[in-house]
Amino acid sequence: MSLTAIKRACRPYKSLILEIAGDSECFEVILKDCYVSTTYGETMWVFGRDNLAPGQMSASDMIDELELWLGDVEQQ
């Protein structure tokens, strides 16, 4: 799974997002200061690449989780 796919999934929410990043261990989506995902009161979505191991989540599951999280974002 590439960072490009995560950036593509974030396009509809680009006005809410400060940064999208990834390294060898995880992917991160960081919201701008005035926004929060209301489900858990989070301002950052982090997904460990280890969750994509065989028998774990698929890349499609990861994108679904990200889109669900972004769908709960509201302005503070």
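The structure presented is a predicted model; accordingly, all values stated were derived computationally and were not measured. (Residues numbered from 1 in each chain as written. Predicted model: local features only at pLDDT ≥ 70, side-chain atom pairs only at ≥ 80, totals over all residues. Heavy atoms only, no water.)

1. Some points on the overall build of the protein
- A count of helical and extended segments in the protein gives 2 helices and 5 strands.
- Counted from the first residue to the last, the protein has its helices and strands arranged as α-β-β-β-β-α-β.
- By the compact-globule yardstick of 11 Å for 76 residues, the protein fits well, its C-alpha radius of gyration being 12 Å.
- Dimensions of the protein along its principal axes, counting C-alpha atoms only, are 40 × 20 × 20 Å. (Helix = DSSP H or I, 4+ residues; strand = E, 2+ residues; numbered from the N terminus. Rg over C-alpha atoms; globule rule 2.2 N^0.38 Å.)

2. Remarks on the pairing of strand S1 (residues 17-22)
- Of the pairings in the sheet, the one linking S1 to strand S2 (residues 26-31) comprises 5 bridges and is antiparallel in character. Pairing of isoleucine 20 across the sheet is with valine 29, part of S2.
- Turn length for the S1-S2 hairpin, with the two strands adjacent in sequence and antiparallel, is 3 residues. (Pairing = 2+ DSSP bridges.)

3. Some words on the sheet that holds S1
- An order of S1-S2-S4 is seen for the 3 strands of this open sheet, with the pairing classed as antiparallel. Strands with a single pairing partner mark the edges of an open sheet, and in this sheet they are S1 and strand S4 (44-48). Going across the sheet, the axis of each strand differs from the next one's by a mean of 5°, ignoring polarity.
- Strands in contact with helix H1 (residues 3-10) are S1, S2 and S4; relative to S1, the strand with the most contacts, it is inclined by about 160°.
- Its contacts with the sheet put helix H2 (residues 59-71) on S1, S2 and S4, and the angle it makes with S4 is roughly 170°. (Axes fitted to C-alpha atoms, helices over the stretch in contact; angles between N-to-C directions. Contact = heavy atoms within 4.5 Å.)

4. Structural notes on the packing of H1 against H2
- Relative to each other, H1 and H2 sit at 35°, their axes nearing to 10 Å. Where H1 crosses over H2, the handedness of that crossing is right-handed. On the side of H1, the interface is formed by Ala5, Ile6, Ala9 and Cys10, while H2 contributes Met62, Ile63, Leu66, Glu67 and Leu70.
- The residue inventory of the contact of H1 with H2, partitioned by class, reads 8 nonpolar, no polar and 1 charged. (Left-handed = near helix turned anticlockwise from the far one by under 90°. Nonpolar A, V, L, I, M, F, W, Y, C, P; charged D, E, K, R; others polar.)

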